[in-house]
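Structural features, examined
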Amino acid sequence: MDKFHINGGHRLVGDVTISGAKNAALPILLATVAASEPVTISNVPQLHDVKTTLKLLQTLGIEHSGITQGQVTISPASLQQTIAPYELVKTMRASILVLGPLLARTGKAEVSLPGGCAIGARPVNLHIEGLRRMGAQITVENGYIKAQVDGRLQGAQILMDTVSVTGTENLMTAATLADGKTVIENAAREPEIIDLANFLNTLGADIKGAGTDTITINGVERLHGGSYSVMPDRIETGTFLVAGLATQGDVTCRNTDPDCLDAVLKKLGEAGAHIEKGEDWIRIRADKRPQPVNIITAPHPAFPTDMQAQFCALNCIADGSGWIRETIFENRFMHIPELRRMGAQVELEGNTAISKGVLELTGAEVMCTDLRASASLVIAGLVAKGQTVVERIYHIDRGYESIENKLRQLGADIERVGS
Ligand SMILES: CC(=O)N[C@H]1[C@@H](OP(=O)(O)OP(=O)(O)OC[C@H]2O[C@@H](n3ccc(=O)[nH]c3=O)[C@H](O)[C@@H]2O)O[C@H](CO)[C@@H](O)[C@@H]1O
Ligand SMILES: C=C(OP(=O)(O)O)C(=O)O
């Protein structure tokens, strides 16, 4: 298993190019299942989760060109199978996003239940309930969601009990091929939902209101082919900005979208960063220890849970005490014991991490437990005194494209070591 060896203490300085967003690329690639003609997607990040997604499409009989320079052509006409097996789904929760498009296009889908993961139980009841509202008959048997519909799905009024990102995406995609109008209320408003809606509209769907809490979809007969470029990764951007501030550096993120990062930029400003931004770039500069911040995670446009761990690392070296409350996932603080191994003074009280910043973290062997926890350990390693060995970095490879190369270009001393 690969590890990172990080020798801390180097300021990050320079430009970094942000990749396409994992959380937009995965729904878009899986939504191609609903189309009937070839679709070309660009700005696709080279991530382990993207490889898993392409493998899942292949399992369904859908051919693709392979990724060249971030571009892949998918040929959904060759769809043959309607089963998404456990072997693939268990490695990537986003696989559940195949359920809606597969059912809408073929009238049948068997998708392994994704199960929980390190950050929480993560049920998919809202995906199932929404599809039932659209006329699907669904049973859960032997670990599989077995769904079918006689004829086509029917447009429906769907009120989501909880705001769910992939829940909204699954139902929105399914509704593009339903008979009549679907209205999703209490929809998630994440930018990746807008990106998916824009993609589907490029293929002939009729979706309005994405990015608000009410999305209206008028079903169409079929989705044709087309080309689309995935939006930039706002969480990768936020991660590099936090790393820039933590190392008291001067980092410019290029090919990004500053408009998607309001809550994160607000907190970086409170932490003492100097921030400048243009149409597709953000520059962060810092020349002193960060100030502590208080954060409550919540659905967009509030502070994203996917940036919580990185800000925990920042608070651990801040000039004072701060707290971070996690309200989305019940177990998303697995990085705290690892940060403590590096000398952080941070306690958990229920769903709140309370930290007293220390002047210096010290290098240690630490272990990744999930994607963003891994990012926080890398940030801590970049500022710690001595060497940090970050183990189980397959978690980070799920969602960050060549993070060690990008960090090295900014002046970090980080090496991937195989074992
Ligand atoms: C691939 C992708 O886009 N992943 C993102 C997506 O995950 P994901 O879409 O899985 O997260 P959700 O928005 O669905 O989860 C939000 C909350 O709703 C609950 N819930 C969800 C669905 C359901 O049927 N029932 C239910 O109770 C979850 O347990 C959680 O407490 O949004 C999360 C919240 O912003 C992010 O952290 C993930 O990075
Ligand atoms: C939790 C995340 O991803 P996923 O939903 O794919 O597990 C994430 O991107 O931080």
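Residues numbered from 1 in each chain as written. Chains lettered and ligands numbered in written order. Predicted model: local features only at pLDDT ≥ 70, side-chain atom pairs only at ≥ 80, totals over all residues.

Re the site of ligand 2
Taken together, the neighbourhood of ligand 2 is formed by K22, N23, R93, A94, D306, L371, R372 and G399. The set of elements that each furnish at least two residues to the shell around ligand 2 consists of α1 (22–31) and α12 (371–383). Class assignment of the residues belonging to the shell around ligand 2 gives a composition of two nonpolar, two polar and four charged. Both of domain 1 (3–19 + 232–417) and domain 2 (22–229) provide at least three residues apiece to the shell around ligand 2. (Near = placed C-beta within 6 Å. Helix = DSSP H or I, 4+ residues; strand = E, 2+ residues; numbered from the N terminus. Nonpolar A, V, L, I, M, F, W, Y, C, P; charged D, E, K, R; others polar. Domains from an automatic or database assignment.)

Regarding α1
For α1, the tally of buried residues reaches 10 of 10 residues, placing the bulk of the element in the interior. Every buried residue of α1 is listed here: K22, N23, A24, A25, L26, P27, I28, L29, L30 and A31. (Buried ≥ 20, exposed ≤ 12 C-beta atoms within 10 Å, placed from the backbone.)

Digging into the nonpolar core
With 71 residues, the main nonpolar core has I28, L103 and A174 as its most contacted residues. For this core, the element with the most residues is α1, which contributes seven residues. What A174 contacts, discounting residues up to four positions off in sequence, is G100, P101, L103, A104, L131, M134 and L153. (Core = buried A, V, L, I, M, F, W, Y, C linked by C-beta atoms within 7 Å. Contact = placed C-beta atoms within 7 Å.)

Some thoughts on the packing of helix α8 (residues 234–246) against α12
The N-to-C vectors of α8 and α12 enclose an angle of 25 degrees; their axes lie 9 Å apart at closest approach. Taken together, the axes of α8 and α12 lie roughly parallel to each other. For the pair α8 and α12, the sense of crossing is right-handed. The segment α8 lies against α12, with T239, V242, A243 and A246 engaging A375, I379, L382 and V383. When the residues that make up the contact of α8 with α12 are grouped by side-chain class, the tally is seven nonpolar, one polar and no charged. (Axes fitted to C-alpha atoms, helices over the stretch in contact; angles between N-to-C directions. Parallel < 35°, antiparallel > 145°, perpendicular 65-115°, else oblique. Left-handed = near helix turned anticlockwise from the far one by under 90°.)

Some details on the packing of helix α10 (residues 308–316) against α12
Two numbers describe how α10 lies on α12: the axes approach to 7 Å, and their chain directions differ by 25 degrees. Taken together, the axes of α10 and α12 are roughly parallel relative to one another. For the pair α10 and α12, the crossing hand works out as right-handed. Across from A309, Q310, C312, A313 and C316 in α10, the residues of α12 making contact are R372, A373, A375, S376, I379 and A380. Each residue belonging to the contact of α10 with α12 can be placed in one class, and the counts come to eight nonpolar, two polar and one charged.

Quick notes on the UniProt feature "domain: Enolpyruvate transferase" (unreviewed entry) in the protein chain
Per the UniProt record, "domain: Enolpyruvate transferase" (unreviewed entry) is annotated on residues 7–407. When the span residues 7–407 is considered, its composition is 31% helix and 23% strand, and the gap between its end C-alpha atoms is 12 Å. (UniProt positions renumbered as here; feature names shortened; annotations may be inferred.)

Some remarks on the site of ligand 1
In the vicinity of ligand 1 lie 21 residues, with N23, L126, S164, V165 and T166 positioned nearest. Sorting the residues of the shell around ligand 1 by element identifies α1, α5 (125–133) and α6 (165–175) as the ones contributing at least two each. Among the residues forming the shell around ligand 1, the class breakdown is nine nonpolar, nine polar and three charged. Per-domain counts for the shell around ligand 1 show at least three residues from each of domain 1 (3–19 + 232–417) and domain 2 (22–229).

Structural notes on the domain arrangement of the protein chain
Looking at the assigned domains, one finds that the protein chain contains domain 1 (3–19 + 232–417) and domain 2 (22–229). Between domain 1 and domain 2, the C-alpha centre-to-centre distance is 30 Å. Considering only residue class, the side of domain 1 that touches domain 2 consists of six nonpolar, five polar and eight charged.

Focus on the environment of T91
Structurally, T91 can be placed in the loop between α3 (86–89) and α4 (99–106). Between the C-alpha atom of T91 and that of R398, which follows or precedes it by 307 residues, the distance is 9.6 Å.

A closer look at the UniProt feature "binding site: phosphoenolpyruvate" (unreviewed entry) in the protein chain
In this structure's numbering, the residues bearing the UniProt feature "binding site: phosphoenolpyruvate" (unreviewed entry) are K22 and N23. Here K22 is to be found in helix α1. With near-sequence residues (within four places) excluded, K22 lies in contact with P45, L47, D49, D233 and G399. Assignment of secondary structure puts N23 in helix α1. Judged by the 26 C-beta atoms lying within 10 Å of it, N23 is buried.

A short note on unusual backbone geometry
Glycine aside, a negative phi is what most residues show, and trans is what most peptide bonds show. That bond from H300 to P301 is cis: its omega, 15 degrees, falls within 30 degrees of zero. In this structure, S402 takes a positive phi of about 45 degrees despite not being glycine. Mapping S402 onto the fold places it in the loop between α13 (394–397) and α14 (403–409).

What to know about the sheet that holds strand β3 (residues 39–42)
One open sheet holds the four strands; their spatial order is β4-β5-β3-β14, and the pairing between them is mixed. Bordering the open sheet on either side are β4 (63–64) and β14 (226–229), each of which pairs with just one other strand. By the bridge criterion, three bridges tie β3 to strand β5 (residues 72–75) in an arrangement that is antiparallel. Within the sheet, the bridge partner assigned to V39 lies in β5 and is I74. (Pairing = 2+ DSSP bridges.)

Some thoughts on α8
Taking 1.5 Å per residue as the helical rise, α8 with its 13 residues ought to reach 18 Å, and the 18 Å between its terminal C-alpha atoms agrees with that figure. α8 sits mainly inside the fold: 13 of its 13 residues count as buried. (Expected span 1.5 Å × (residues − 1).)

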